[in-house]
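Structural description and commentary
Okay, here's what each chain looks like letter by letter:
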Amino acid sequence: MLRRLQSFDLFVLGITFVACIGTRLLSAVYYIEDIDSLRFALSIKDYDVAKLQPHFPAYPVFCFVAKVLYFIIRRYALAFSLIGGLSTFLIIFFTLKIAKIAGTTILGKLTILVIFMTPLLWLMGNRYMPDAMGVACLLASLYFVTAQAENHKNKFLCSCSIGFFLAGILIGIRISYLPMLIPALLIATIINKNRLKFIIVGVIGILIWLIPLIFITGWGPLINAAQTQSHGHFSDFGGTVSTAPDLGLRISKIFESLFADGLGLYWNGRHLLTLCTTIILFGIVIVFFWKTVRQRVVGSLSTEKPIYLNPIFLGCVVYFVWIFLAQNVIHKSRHVLPLLPFIALGVAYSCYRIITIQEVSLFKKRWLHRIRLPFVWGIISLFFLCYSSVTLITVVQHTRPTAIAQMHEYLQDKRIEQENKLHIVSVPLITYYLSSQALDANYIPVKSEDDLHQLNEIDTGIIAIGSSLSNREPKEVKTFYHNPYVNRMWSELSLFEY
């Protein structure tokens, strides 16, 4: 019987693996959607941290894996999407392992479905970025560091060693996710006498990618890139609390990222289908909390200890504070990605709880009790229908060019049609995006009003992007759009022709 259950669990995981890989490859993105994706795409062709390909902290492990897959597949989009598909499967796998849920159970299948259809996780699985891979490595490290291995001392030491090694690897994938690991790593180090072994293994995990990185980049250029990027992130362009101090806006944007971007729920201006998903989920969660409070259940899914003593819960709190203070949560929703598997787990558990509720006053009458289970399953099915529809619509929209990509295509066509050279005026990031994709033009990056003096001797062929020129009347104005819940960056861009 046990063998049968184990084989069925492997079958469920096998189906999940094929679904993750297949769907992410089918929804691959064949265009450069923003400046961050551009830097990672360029890094596959020419890895150069000094040229910001990619920017520091260099993401050497992710770039190495992407480069190997690109060498085999010869397609950027498919290489990045394959990493996203594998990462999505590992996120599902380690979420189940952390919560000690078998994939064969109703709760396990609900968890798989919620995580698999999480909109932001799917989108990031197709982006040319390391975020999905970083979450997979983060969860793997969390699992091995916190696993008790049935109280077997040698197994526990081995498990923790693997977790510390993966923590070192994580720094080479997505260093900004490390704060979520810190409570678990500290607790494991404090309670175990073999802390020196754990530290050594973690250092080995760092040296595996750091030594090649120093060899490729050079110690001086690497330090210079680290200093420049770190200072810029915290003091200039990083969107931290020091450069964007509106605390109300920051907290609002974090919750918008979690619920609207992350789970595809309703926010002001979104489609009514997202409102349907939100209302149903809100009802499910209310019933869940009513039952939970009534039974006085205090604790987490994976431990009998109070939840505030759980190192994973503490890690989520630390990470929430970290992104609130030190990440660009106003303009980039992807920073909430590590929190989504745990929120998805809560959604799945809420659905499971209302299925297993045996006593609800509404259903005490016999004839009502008979329809309880079909009614509950109907509600849950409707939720997943709406939830999946929102995700699939968003994913399909993601396969279409973003506003900046549409503008690039338009300017490419215009350059072919027009004999004279185009003079493109915009902020440095936009001119870098366009010039890096072989758009032949005279670029005038604008950092201040003084830069506009270069236009005094130019009469025609001027293209201003983002904002109009105050001393000229445009001949034509074009505006390009994409759904901001696909990608918040430059979701609306105007082009002014002179």
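Residues numbered from 1 in each chain as written. Predicted model: local features only at pLDDT ≥ 70, side-chain atom pairs only at ≥ 80, totals over all residues. Heavy atoms only, no water.

1. Considering the packing of aromatic side chains
The test is simple: Geometry of aromatic contacts follows a simple scheme: Phe, Tyr and Trp rings, the Trp one being its six-membered ring, pair when their centres are within 6.5 Å, and the pair is stacked under 30 degrees between planes, edge-to-face over 60, tilted otherwise. Numbering goes from the N terminus for both helices and strands, where a helix is a DSSP run of H or I of at least four residues and a strand is a run of E of at least two. Burial here depends on accessible area, computed with a 1.4 Å probe over protein chains only, as a share of the maximum for the residue type. Under 20% is buried, over 50% is exposed, and the range in between is partly exposed. By definition, being over a ring means that NZ of Lys or CZ of Arg is both within 6 Å of the ring centre and within 35 degrees of the ring normal.
Tallied over the full model, the rule gives 21 aromatic pairs. Between F40 and Y59, the aromatic rings sit 5.1 Å apart at their centres with planes inclined by 65°, giving edge-to-face as the arrangement. Note that F40 is positioned in helix α2 (residues 35-45) and Y59 in the loop between α2 and α3 (60-73), a separation of 19 residues in sequence. We classify F40 as buried; its relative accessible area is 1%. Grouped by ring-pair contacts, the aromatic residues F17, F89, F93, F94, Y143 and F144 constitute a single cluster. The ring of Y177 has R174 lying over it, and the distance from NZ or CZ to the ring centre is 5.4 Å. If you follow R270 out to its NZ or CZ, it ends over the ring of Y485, 4.1 Å from the centre.

2. Quick notes on the state of the cysteines
What counts, and what does not: When the sulfur atoms of two cysteines come within 2.5 Å, that pair is taken as a disulfide.
This model, assessed by the stated rule, comprises zero disulfides. Free of any disulfide, C20 has its nearest cysteine sulfur in C137, 17 Å distant. Here C158 is not disulfide-linked; the sulfur of C160 is the nearest cysteine sulfur, at 9.8 Å. Look at C158 and you get partly exposed, because its relative accessible area is 44%.

3. Digging into the pairing of strand β3 (residues 462-465)
Filter applied, for reference: Any two strands with at least two DSSP bridges between them are considered paired.
Here β3 shows a buried face lined by I462 and A464 and a second buried face lined by I463 and I465. As paired strands, strand β1 (residues 423-426) and β3 are joined by three bridges and run parallel to one another. Bridging from a neighbouring strand, H423 pairs with I462 of β3. The pairing of β3 with strand β5 (residues 492-497) spans three bridges and is classified as antiparallel. Following the sheet pairing, A464 is matched in β5 by F496.

4. Quick word on a nonpolar patch on the surface
Here is the rule we go by: For patches, a residue must show more than 30% relative accessible area and have no salt bridge; joins then use 9 Å for like charges and 5 Å for nonpolar side chains, namely Val, Leu, Ile, Met, Phe, Trp and Tyr. Computed by Shrake-Rupley with a 1.4 Å probe, the accessible areas treat only the displayed protein chains as cover when residues are assessed. Between Lys or Arg on one side and Asp or Glu on the other, a salt bridge is scored when a side-chain nitrogen of the former is within 4 Å of a carboxyl oxygen of the latter.
Residues I182, L186, I187, I190 and I191 make up a contiguous nonpolar surface patch of roughly 470 Å² in combined accessible area. Secondary-structure assignment places I190 in helix α9 (residues 178-191).

5. Quick notes on the pattern of salt bridges
Overall, the coordinates contain twelve salt bridges when judged by the stated rule. In this structure, the salt-bridge partner of R127 is E33, at a minimum N-O distance of 3.5 Å. Pair noted here: R127 is in the loop between α6 (119-126) and α7 (131-146) and E33 is in the loop between α1 (2-26) and α2, with a separation of 94 residues, a long-range link. Of the two residues examined, R127 and E33, each falls in the buried class. A single salt-bridge network, built from bridges that share partners, covers D36, D131, R174, K332 and R334.

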